[in-house]
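This is what each chain is made of:
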Amino acid sequence: MKVEKERALQEHRLRFGHEGLIYAAPARVNLIGEHTDYTGGLVMPMAIDFKTIAVVSGRQDGLAVFYSANYEEEVSFEIASLARAASGRWSDYPAGVLWSLLEAGISMAGCNVSLMGNVPLGAGLSSSASIEVATAMALLGHSGIELPLEKVATLCRRAENEYVGAKSGIMDQFVVAGAVAHRAMLLDCRSLSFELLPLPDQVRVVICNSMVKHAVATGEYGNRRDEVEVGQDILRRERPGIELLRDATLEDLEVCKGKMTEESFSRCRHIITENERVLDARKALLDGDMGKFGELMVLAHESMRDDFAASCPEIDGLVRIAMEQQSCFGARITGGGFGGCTVNVVRADKAERFVETLKREYSTSTGIQAECFVCEPSDGALELAAKGGA
Ligand code: GLA
């Protein structure tokens, strides 16, 4: 981390001729609670130690200049006349955050922002929220403004929904901004209240990238969301007291079965049962019952696969191989779906062995070399001290 920090500061100095303030935002993995966030439901993500680093300094000409070290590209915007105009490129994320802050009435002076990161792209680990939150921290820091966590997350979500054009929920931005090391976060996506939950020392979280690309901004994620919203609208209309799918029970859904398509019915059933599984998973963690926690992860996977139709054969294969190993408590697809990563909770002392077997057997059955990461729950976004420190 220290080396990256020095490099980021130095690159910024060389490019822009100024010392900068430096911020970092992590990536995230979701342990359980998938596709529940945009209907006010429950999620249990944690931050992981991949990072986007943002360095910011001032300039006098009223421009916001964003430089991506990963893409080796610089893009400029006139702050006073910034319009909502997505280009489909990396710069939509920082420009979208700038747009969202300006829309919220936050005034912004000219600035240089350089970004660099190591979050795998298209893997379902929230590279987009990581860039958004790092940029927001940098822009707010540059303006000397401190905002509460939920405000930062909400502004970044707005950037993603309205500027980038991805209809995602609040989970990613919230946990990337507000996570705490050694803890998973149980987030209520309606009230934005949260609880930090300990993971036992004897387990590790292993993320396995199937290398099948997933993209939230295109296609299937939006389709699923539409199917869910149609079902939610019907429930709201037919059953008094239901505002969001979060309020519905399986009985409510059954009553409305004849009024919605099979797809909407199954998508809503996934979400209603998933909210229950998150609560059960919370209890299992508090009881230290990792066997139960693992069972719930597998049930959550099956529900994502069968009811939400958001898995794929490669990911199903990874979950099957994982669950054949005794060291694995539970495995499931994580993130938006349609590829990306699995999350596995395994015995700490067997984690390396688990990874070796998973990679070998996946490669034998698919010919694909998976990437695996043994993770610890990390801190959310931080300002890094310019000298020494983290
Ligand atoms: C993506 C979105 C999140 C959430 C997940 C699915 O990561 O960005 O808001 O909907 O998919 O749980």
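**Student:** Where do I start with the site of the ligand in this structure?
**Tutor:** The environment of the ligand is made up of Arg 28, Glu 34, His 35, Asp 37, Tyr 38, Ser 168, Gly 169, Met 171, Asp 172, Tyr 221, Gly 335 and Gly 336. Here an oxygen atom of the ligand sits 2.7 Å away from a polar atom, N or O, in the main chain of His 35. Its free accessible area being 310 Å², the ligand has 98% of it covered by the protein chains.

**Student:** Even after reading the chapter, I still don't get the pattern of salt bridges, so can you show me in this structure?
**Tutor:** When their charged atoms lie close together, side chains carrying opposite charge are able to pair. Considering all chains together, one arrives at 30 salt bridges under this definition. The closest approach of N and O atoms between Arg 84 and Glu 162, which form a salt bridge, is 3.6 Å. Here Glu 162 lies in helix H4 (residues 149-164) and Arg 84 lies in the loop between strand E4 (73-78) and helix H2 (92-103), a separation of 78 residues in the sequence. A salt bridge links Arg 158 to Glu 103; the shortest N-O distance between them is 3.5 Å. Of this pair, Arg 158 sits in helix H4 while Glu 103 sits in helix H2, and the two are 55 residues apart along the sequence. Of the residues examined, Glu 103 reaches a relative accessible area of 45% and is grouped as partly exposed. Overlapping salt bridges bring together Arg 84, Glu 103, Arg 158 and Glu 162 as one network.

Conventions we followed
Residues numbered from 1 in each chain as written. Predicted model: local features only at pLDDT ≥ 70, side-chain atom pairs only at ≥ 80, totals over all residues. Heavy atoms only, no water. Near = heavy atom within 4 Å. Polar contact = N/O pair within 3.5 Å; in protein donor to acceptor, adjacent residues only side chain to side chain. Areas by Shrake-Rupley, 256 points an atom, 1.4 Å probe, with all protein chains shown as cover. Salt bridge = Lys/Arg side-chain N within 4 Å of Asp/Glu carboxyl O. Helix = DSSP H or I, 4+ residues; strand = E, 2+ residues; numbered from the N terminus. Buried < 20%, exposed > 50% of the residue type's maximum accessible area, 1.4 Å probe, protein only.

Functional significance is not addressed by these values, which are geometric in nature.
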